[in-house]
Amino acid sequence: MTMTLTEQIITIAMVVLGTMLTRFLPFLIFPAGKPTPGFIQYLGKVLPPAVFGLLVIYSLKNVSLFSGSHGLPELLSIIVVVCLHLKKRQMLLSIAGGTVCYMLLVQFVF
């Protein structure tokens, strides 16, 4: 099933509108001259660690400790993530280091 030219134009326009809305709306709602509401500041502090915790739980939900590699690559990668984060305090570096560690362990060791 293919889209007509009109449907393609409408789809592209909606994607552009959605992208622009998510980019510009925060600046329109919370201008630079006004103080940011306390609730929004609270969400800015608690949401990043909450999302990170959710990703950890989601990533480890199917790990079996009683078969295969017994969760060893995952455990070693978690240790790498924690050590990198404690040393460098950069979340993206920690995530990338743990991912690379896990991939190397799964491909070459286990």
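Before reading further, recall that the structure is shown in the block above.
Residues numbered from 1 in each chain as written. Predicted model: local features only at pLDDT ≥ 70, side-chain atom pairs only at ≥ 80, totals over all residues. Heavy atoms only, no water.

Draft legend 1. Seen up close, the layout of surface pockets. Computed from the structure, the largest pocket encloses a volume of approximately 500 Å³. Lining the largest pocket are 16 residues, with Ser-59, Ile-78, Val-81, Gly-98 and Thr-99 sitting closest to its centre. Those elements that provide at least two residues to the lining of the largest pocket are helix H2 (38-60), helix H3 (72-88) and helix H4 (91-109). In terms of residue count, H4 provides more of the lining of the largest pocket than any other element does, six residues in total. (1 Å grid on protein atoms, 1.4 Å probe; cavity = no way out; pocket = protein on both sides within 12 Å on 5 of 7 lines; lining within 4 Å. Points joined across faces, edges and corners; volume = space filled by probe spheres on them. Helix = DSSP H or I, 4+ residues; strand = E, 2+ residues; numbered from the N terminus.)

Draft legend 2. Geometry of the environment of Cys-83. With respect to the secondary-structure elements, Cys-83 resides in helix H3. Taking relative accessible area as the criterion, Cys-83 reaches 47% and is therefore assigned partly exposed. Considering only alpha carbons, one finds Cys-83 and Thr-99, 16 residues apart in sequence, at a separation of 14 Å. (Buried < 20%, exposed > 50% of the residue type's maximum accessible area, 1.4 Å probe, protein only.)

Draft legend 3. Structural view of the state of the cysteines. Taken as a whole, this structure holds zero disulfides when the rule is applied. Left without a disulfide partner, Cys-83 is nearest to the cysteine sulfur of Cys-101, which lies 10 Å away. (Disulfide = S-S within 2.5 Å.)

Draft legend 4. Broad picture of unusual backbone geometry. In this structure, His-70 is a non-glycine residue whose phi angle is positive, near 60°. By the secondary structure assignment, His-70 is in the loop between H2 and H3. Here His-70 falls in the partly exposed class, since its relative accessible area comes to 46%. Unusually for a residue other than glycine, Arg-89 sits at a positive phi of about 60°. Relative to the helices and strands, Arg-89 resides in the loop between H3 and H4.

Draft legend 5. Focus on the side chain of Glu-74. Tracing the backbone through its elements, the reader meets Glu-74 in helix H3. Discounting chain neighbours no more than four positions away, the residues touching Glu-74 are Leu-60, Val-63 and Tyr-102. (Contact = heavy atoms within 4.5 Å.)

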